[in-house]
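Here's the letter readout for the chains.
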Amino acid sequence: MAGEKYVYDFSEGHRDLKELLGGKGANLAEMTRLGLPVPAGFTITTRACQAYLATGANPEGLIAEIDDHLAALERAMGRKLGDAGDPLLVSVRSGAAFSMPGMMETVLNVGLTDASVVGLAAQSGGNDRFAWDSYRRLIQMFGKTVCDVPGEEFSDALEDAKKAKGATDDLHLDAADLKALVESFKRIFAKHTGYDFPQDPREQLRLATEAVFRSWNAERAVLYRRQERIPADLGTAVNVCSMVFGNLGADSGTGVAFTRDPASGAQGIYGDYLSNAQGEDVVAGIRNTVPLEDLEKLDAKSYAELLAIMAKLEGHYRDLCDIEFTIERGKLWMLQTRVGKRTAAAAFRIAAQLVDEGMISLDEALRRVSGAQLAQLMFPRFDLSADPTVLTKGIGASPGAASGKAVFTAERAVELAAEGEDVILVRRETNPEDLAGMIAARGILTARGGKTSHAAVVARGMGRTCVCGADQLEIGRDRVTVNGQVITEGNIVSIDGTTGRVYLGAVPVRPSEVVQYFEGDKVEESTLVDAVHTIMSHADASRRLAVRTNADTGEDAARARRFGAEGIGLCRTEHMFLGDRKELVERLILSSTEDARNDALAALLPLQKADFVDLFRAMDNLPVTVRLIDPPLHEFLPSLEELAVNVAVARERGEDHAEDEELLDAVRRMHEQNPMLGLRGVRLGLVIPGLFAMQVRAIAEAAVQLAGEGLHPRPEIMVPLVGAVQELEMVRQECEQIVAEVVADSGVEVLIGTMIEVPRAALTAGQIAEAADFFSFGTNDLTQMGWGFSRDDVEGAFFWRYLELGIFGISPFESIDRDGVGRLIRIAAEEGRAVRPELKLGVCGEHGGDPESVHFFHEVGLDYVSCSPFRVPVARLEAGRAAITGGDSDSR
Ligand code: PEP
Ligand code: MG
């Protein structure tokens, strides 16, 4: 844009300009404002980078602006960039709004040329070795990052030079060796680029700046952003800073420091120092650093000054700061500071400590932690100190750490678990048939499927560890082969549902004290648990959204309640029809006479009632949303292929096959090409007489029974897959009749509502609200039907490409698509409430436990989110965070 300012001197910016100047630039400016010793320099904005990346050329006016700021820098320093006699040298560093450590590029010593290297030697008191070493570093870094010269060519040449000299360390190379090395580096440079190493310092600066711009799109940076959910279009700023040297002798050095321990959060001084070195030596681990405290002995004055600055920075930022500094001949320079990254445990501890110290408010403490961090604290962990063998890697689909005997069928999982064995169920993919095995297993490992595959969703729901999509696994009948290793039943494997790693053998596990705390178990004195308690209490006091859970059993419900759930938002009743009961459902679906159907229903009624009694008891006094049955029908029927084969074989052999034949006809009649878009949800209720009625009766009878015991059950009946108000009206009428008859004057109150999970329902919510006491958004189906993506197999097939192309930054099945599916939710919420202001609104799809989605649901005014039991604390925390606005959140 013409007239836009693209370059800011360090003295012009401040810490709130992160988006424009990047984190590093904004903080260098802030330190400059605070009067700390920062080498002079300027920052080229992220907007310049965006313009460069969009057009492939520097935006108009940028070069002139850089020239102006460089001239000012030269005046301030009393030296000219690359001057032959007394050169100014600069570093050119990346720095985006969100920290992306080591993902982008940096070039140091820009300004060195064949002429100025001599000037640098003179400037450093005749230190020729230093000057030539600096020059070879520039050619190496510049060649690699700016011109894509393979880095090994330089490092090989350096190794050759050391070998020729019989040296083990760079420090053993003298000025003459390094001068010769510069010559060979220049030859390498020219061979790969076709031109000589640039001798114009301004040309060097321009090229280095453009290379830093481009490094925003380096492969590792793109991957990192995807992982951290950092938007792809922000671009990086470029910091041009006058060089100070830590490698000028024993009175120089470089280091990093933290104002608190970033691993544990403990207060104190933490850091490392390396004398006679430049920053990249510390990162590369070329020589061993010493603890920061040792600096006191080496340079007491600089040490004292550093401690004072650290205290000042922590007080100023009111948070853990990490710092990079250099000492040049006894003079301390600050090269960087930022609010430091920390582990999840440290994040909670530090936030609570700062509240105790009166530095920040409870609101601010809540802003500084995240649901993702809390989730990390809840998983048991592998203790990797014994360095276990990694077999392969899949997608970490449901966090946790589980070890056990490999089994390849759900039946074997159940059998071995019954014998008291820990098992890992290994399958190509799972289906509802495997549920019993999944429940019995410590963990689930699949070769196919992504984060929303059946295995992943069900495992997350149960809090079971799961790694899915480990596509190197070759699944056989009784064995799995992976990278040449054969695993048979009983071999121990371990899976890490956070990292997706699969290990051979048992890996010891540590339990999470935070889960023990949520469970209400006695926990030994723990600063972490205290911190979690402080912050969770504030989240609960702040949030407007209620948090319910998705649970189908009394046991899950009871656990979720201990975790803070305020009711059940979704009980999937089809989960109650598996196992032994499947046969009854099959009979019900296929029965050709009313009598047969009624028999099946009569057999199911007491079983269902017992299920609901358990659930209502566990959630006494709290609302329990029971969804009427909603499976795709094929899940309850025998496989068409199998039956057809059986009939064919029996016919061939002349055996009696009349019964199978009849069944086959029935299954054929009901067969659907797209079962997820077929006879499920409300459609089932309208097609199979008596099915919903039986469920409603079971719900009402269970509630009446408990009310008789003096409890206070609060059932809510939910109709799935409604697309038109007529569907709901018909089911509602039937429900109301039964409820009225069963409940009579027991005092039990039953609400009747619907899921909003078909786009048409969202778009006609005003009509549907006339017949609904509540809406619950089924965002799994709403995403499936909104995008037209099959929720069962979409990820593996093409999501990777969509992520790569930036069509979305994260799967819309994982985090709500605000613009599309989110809009459907907004419309339905607004139009539903316009008709019925007291309409209760919730969400029960997977998104109910996703941190970013929780913020969206808060914004659109829902009353509650419902999620799997293990996500309840995460949702509570995020609902609290969503309710407090403003302030600076640096929790990324
Ligand atoms: C949904 O579609 O979001 C939902 C909760 O229902 P289910 O996942 O059982 O289809
Ligand atoms: Mg659904």
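Our structure's up above, just so we're on the same page.
A few points about the packing of helix α13 (residues 344-356) against helix α15 (residues 371-378)
For step 1, the next point in the chain: Put simply, α13 and α15 touch, their axes get as near as 8 Å, and they point 115 degrees apart. In terms of crossing hand, the pair formed by α13 and α15 is left-handed. Only Q373, L374, Q376 and L377 of α15 make contact with α13, whose side of the interface consists of A344, A345, A347 and F348.
For step 2, the next point in the chain: Residues that form the contact of α13 with α15 fall into these classes: 6 nonpolar, 2 polar and no charged.

Comments concerning the nonpolar core
For step 1, the next point in the chain: Membership of the largest hydrophobic core comes to 144 residues, with the highest contact counts inside it found for F348 and L374.
For step 2, the next point in the chain: A total of 11 residues in this core trace back to one element, the largest contributor, which is helix α27 (residues 691-708).
For step 3, the next point in the chain: Setting aside chain neighbours within four positions, we find F348 in contact with V369, S370, Q373, L374, L377, L528, A531, V532, I535 and L877.

Remarks on the site of ligand 1
For step 1, the next point in the chain: In the neighbourhood of ligand 1, 13 residues make up the surrounding shell, with R572, R627, G778, N780 and R791 lying closest.
For step 2, the next point in the chain: A distance of 2.9 Å separates an oxygen atom of ligand 1 from a polar backbone atom of D781.
For step 3, the next point in the chain: Relative to its unbound accessible surface of 290 Å², ligand 1 loses 96% to contact with the protein.
For step 4, the next point in the chain: Elements supplying a minimum of two residues to the shell around ligand 1: β27 (568-572) and α31 (779-787).
For step 5, the next point in the chain: Top contributing element to the shell around ligand 1 by residue count: α31, with 3 residues.
For step 6, the next point in the chain: Here the shell around ligand 1 is built from residues that sort into 3 nonpolar, 4 polar and 6 charged.

Some thoughts on the coordination of the magnesium ion (ligand 2)
For step 1, the next point in the chain: Surrounding the magnesium ion (ligand 2) are the protein donor atoms E757 (OE) and D781 (OD), which sit 2.0 to 2.1 Å from the metal. Placement of E757 in the loop between β30 (751-756) and α29 (759-763) and of D781 in helix α31 is noted, with a sequence separation of 24 residues between them. Here E757 matches D781 in class, with each residue buried.

Digging into the packing of aromatic side chains
For step 1, the next point in the chain: In this structure the tally under the stated criterion is 27 aromatic pairs.
For step 2, the next point in the chain: Ring centres of Y52 and F213 lie 5.3 Å apart, and the angle between their planes is 40 degrees; on these two criteria the pair is classed as tilted. Of the two residues, Y52 sits in helix α2 (residues 46-55) while F213 sits in helix α8 (residues 201-215), which places them 161 residues apart along the sequence.
For step 3, the next point in the chain: A relative accessible area of 7% means that Y52 is categorised as buried.
For step 4, the next point in the chain: Taking 5.1 Å as the distance between ring centres and 45 degrees as the angle between the ring planes, the aromatic pair formed by Y517 and F518 counts as tilted.
For step 5, the next point in the chain: For Y517, a relative accessible area of 23% gives the class partly exposed.
For step 6, the next point in the chain: F518 gets classed as buried once you look at its relative accessible area, which sits at 6%.

Here is what the cut-offs are and how they apply
Residues numbered from 1 in each chain as written. Chains lettered and ligands numbered in written order. Predicted model: local features only at pLDDT ≥ 70, side-chain atom pairs only at ≥ 80, totals over all residues. Heavy atoms only, no water. Axes fitted to C-alpha atoms, helices over the stretch in contact; angles between N-to-C directions. Helix = DSSP H or I, 4+ residues; strand = E, 2+ residues; numbered from the N terminus. Left-handed = near helix turned anticlockwise from the far one by under 90°. Contact = heavy atoms within 4.5 Å. Nonpolar A, V, L, I, M, F, W, Y, C, P; charged D, E, K, R; others polar. Core = buried A, V, L, I, M, F, W, Y, C linked by side-chain atoms within 4.5 Å. Buried < 20%, exposed > 50% of the residue type's maximum accessible area, 1.4 Å probe, protein only. Near = heavy atom within 4 Å. Polar contact = N/O pair within 3.5 Å; in protein donor to acceptor, adjacent residues only side chain to side chain. Areas by Shrake-Rupley, 256 points an atom, 1.4 Å probe, with all protein chains shown as cover. Donors = N, O, S within 2.8 Å, 3.2 Å for Na, K, Ca; no water. Phe/Tyr/Trp six-rings, centres within 6.5 Å; stacked < 30°, edge-to-face > 60°.

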